Amino acid sequence: MDFLYIALGLVGLYFGAEWLVSGAVATARRMGISPLVASLVIVGFGTSLPELLVSVRAALTGAPGIALGNVVGSNIANILLIVGAAAVIFPISGWDRNVRRDAIAMTSASVFLLFLVQYDVIGRVAGLVLLALLALFLFRTYRFAVATETKPELPADGAMPVWKMAVLIVAGLILLIIGAELLIRGATELAAHFGISDAVVGLTVVALGTSLPELATAVVAATKRHSDVAIGNVTGSCIFNVLCIIGATAVIAPLPVPEGFATFDVPVMLTATVFFALMLFFAPKFHRATGAAMLAAYAAYIWALV
């Protein structure tokens, strides 16, 4: 049954990502906003829902290592694995340079998380601060969308009906959540047989499982030449993971910080985040060689954990 859960989860993730990307791009065209903004909010938050559900459930059931490791591991996977894999499959280029503002927000959130994990517990006050920063980020993104609003870009063969856009987005999100849940259930049960700790399971198996929606979305977006969706998906997801997921989870149940997060895992996450931000600022594209190097770095990190 564990292998069946994994297979069904992968199928759900693929079709969920396909529908979500199509719906998000169509929504951006209909509303006259950039695909970058749509992917930051709709796709970024939507693909972070599995992490939110898993982290809250883990915190409530007394597994803080999974709750925190899920977010840290997911952000590492988002950048090194997802962007790396998408670049290897199809080099990513031509993204909206306005993503630099969001790259700064993503890096700042990671620096703040490094500060928080220096303490034994991430408490409710810290969680409320993270949620307040999330509200500020969403407000700023909304203001940017309004300021840059343009005439809707309708396809030559006519606009996609509103009901179809809504169905694609909602159905895509539902499939992503179900697919991630099935995959996590199967993978976690298999990992438990090897006696791996909660923190390592959270950083590897669960983080990889909850990052697969972002992976599927980024790969589909890259192959369709929607680089803004691929970049915005990862950037938005990394921001939501830290501000929303850790913030909401800490408010519901304060998060004890397992050993190693302050000295190894979060510094690795911050290093990957800074590298990604610098690429967005200064590089013209993510070449296949760059993607391969990112995949090698992710493999080295997983090897160091296990």
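Below or above, wherever it landed, is the structure these notes cover. It should be emphasised that the depicted structure is a prediction, and the values quoted were computed from it without experimental measurement. (Residues numbered from 1 in each chain as written. Predicted model: local features only at pLDDT ≥ 70, side-chain atom pairs only at ≥ 80, totals over all residues. Heavy atoms only, no water.)

Each helix and strand counted, the protein chain has ten helices and four strands in total. When its helices and strands are written in sequence order, the protein chain yields α-α-α-β-α-β-α-α-α-α-β-α-β-α. Each of the 306 residues in the protein chain was classed as buried or not, and the buried ones make up 55%. In the protein chain, of all internal contacts separated by at least 6 residues, the share reaching a separation of at least 24 is 88%. Within the structure as shown, the protein chain displays about 12800 Å² of accessible surface, and the carbon and sulfur contribution to it stands at 71%. (Helix = DSSP H or I, 4+ residues; strand = E, 2+ residues; numbered from the N terminus. Buried < 20%, exposed > 50% of the residue type's maximum accessible area, 1.4 Å probe, protein only. Contact = heavy atoms within 4.5 Å. Areas by Shrake-Rupley, 256 points an atom, 1.4 Å probe, with all protein chains shown as cover.)

By the secondary structure assignment, Phe-15 is in helix H1 (residues 2–31). With a relative accessible area of 38%, Phe-15 lands in the partly exposed category. Considered as a pair, Phe-15 and Val-220 are 205 residues apart in the sequence and their alpha carbons are 9.9 Å apart.

Another point: the side chain of Asn-75. Along the polypeptide, Asn-75 turns up in helix H3 (residues 64–89). Filtering out sequence-adjacent residues up to four positions away, Asn-75 remains in contact with Ser-237, Cys-238, Asn-241, Val-242 and Met-269.

Below, the discussion takes up the nonpolar core. Among the nonpolar cores identified, the biggest contains 78 residues, and Val-72, Leu-113, Ile-122, Phe-276 and Phe-286 are the most heavily contacted of them. With 15 residues, the single largest contributor to this core is H3. (Core = buried A, V, L, I, M, F, W, Y, C linked by side-chain atoms within 4.5 Å.)

Next up on the list: the packing of H3 against helix H10 (residues 288–305). Relative orientation of the contacting elements H3 and H10 amounts to 145°, with a least axis distance of 7 Å. Every pair of crossing elements has a handedness; the one defined by H3 and H10 is left-handed. The segment H3 lies against H10, with Ile-76, Ala-77, Ile-79, Leu-80, Leu-81, Val-83, Gly-84, Ala-85, Ala-87, Val-88 and Ile-89 engaging Arg-288, Gly-291, Ala-292, Met-294, Leu-295, Ala-297, Tyr-298 and Tyr-301. Across the contact of H3 with H10, the residue classes break down as 16 nonpolar, two polar and one charged. (Axes fitted to C-alpha atoms, helices over the stretch in contact; angles between N-to-C directions. Left-handed = near helix turned anticlockwise from the far one by under 90°. Nonpolar A, V, L, I, M, F, W, Y, C, P; charged D, E, K, R; others polar.)

Two numbers describe a pair of packed helices, the interaxial angle and the distance between the axes. Relative to each other, helix H4 (residues 99–116) and helix H9 (residues 261–282) sit at 170°, their axes nearing to 9 Å. Accordingly, the angle class assigned to the pair H4 and H9 is roughly antiparallel. Read as a crossing pair, H4 and H9 show a hand that is left-handed. Two secondary-structure elements touch here, H4 through Val-99, Arg-100, Ala-103, Ile-104, Met-106, Thr-107, Ser-110, Val-111, Leu-113 and Leu-114 and H9 through Ala-262, Val-266, Pro-267, Met-269, Leu-270, Thr-273, Val-274, Phe-276, Ala-277, Leu-280 and Phe-281. Considered class by class, the residues forming the contact of H4 with H9 number 17 nonpolar, three polar and one charged. (Parallel < 35°, antiparallel > 145°, perpendicular 65-115°, else oblique.)

If you walk through the whole model with that rule in mind, you get one salt bridge. Residues Asp-102 and Arg-140 are paired through a salt bridge, measuring 2.5 Å at the closest nitrogen-oxygen approach. Pair noted here: Asp-102 is in helix H4 and Arg-140 is in helix H5 (residues 124–147), with a separation of 38 residues, a long-range link. In this structure Arg-140 comes out as partly exposed when scored by relative accessible area, which is 30%. (Salt bridge = Lys/Arg side-chain N within 4 Å of Asp/Glu carboxyl O.)

Our focus in this paragraph is the environment of Pro-258. Secondary-structure assignment places Pro-258 in the loop between strand E3 (255–256) and H9. In the structure, Pro-258 is positioned 189 residues away from Gly-69 in sequence and 8.9 Å away in space, judged by C-alpha atoms. Ignoring sequence-local partners within four residues, the contact set of Pro-258 consists of Gly-65, Leu-68 and Ala-199.

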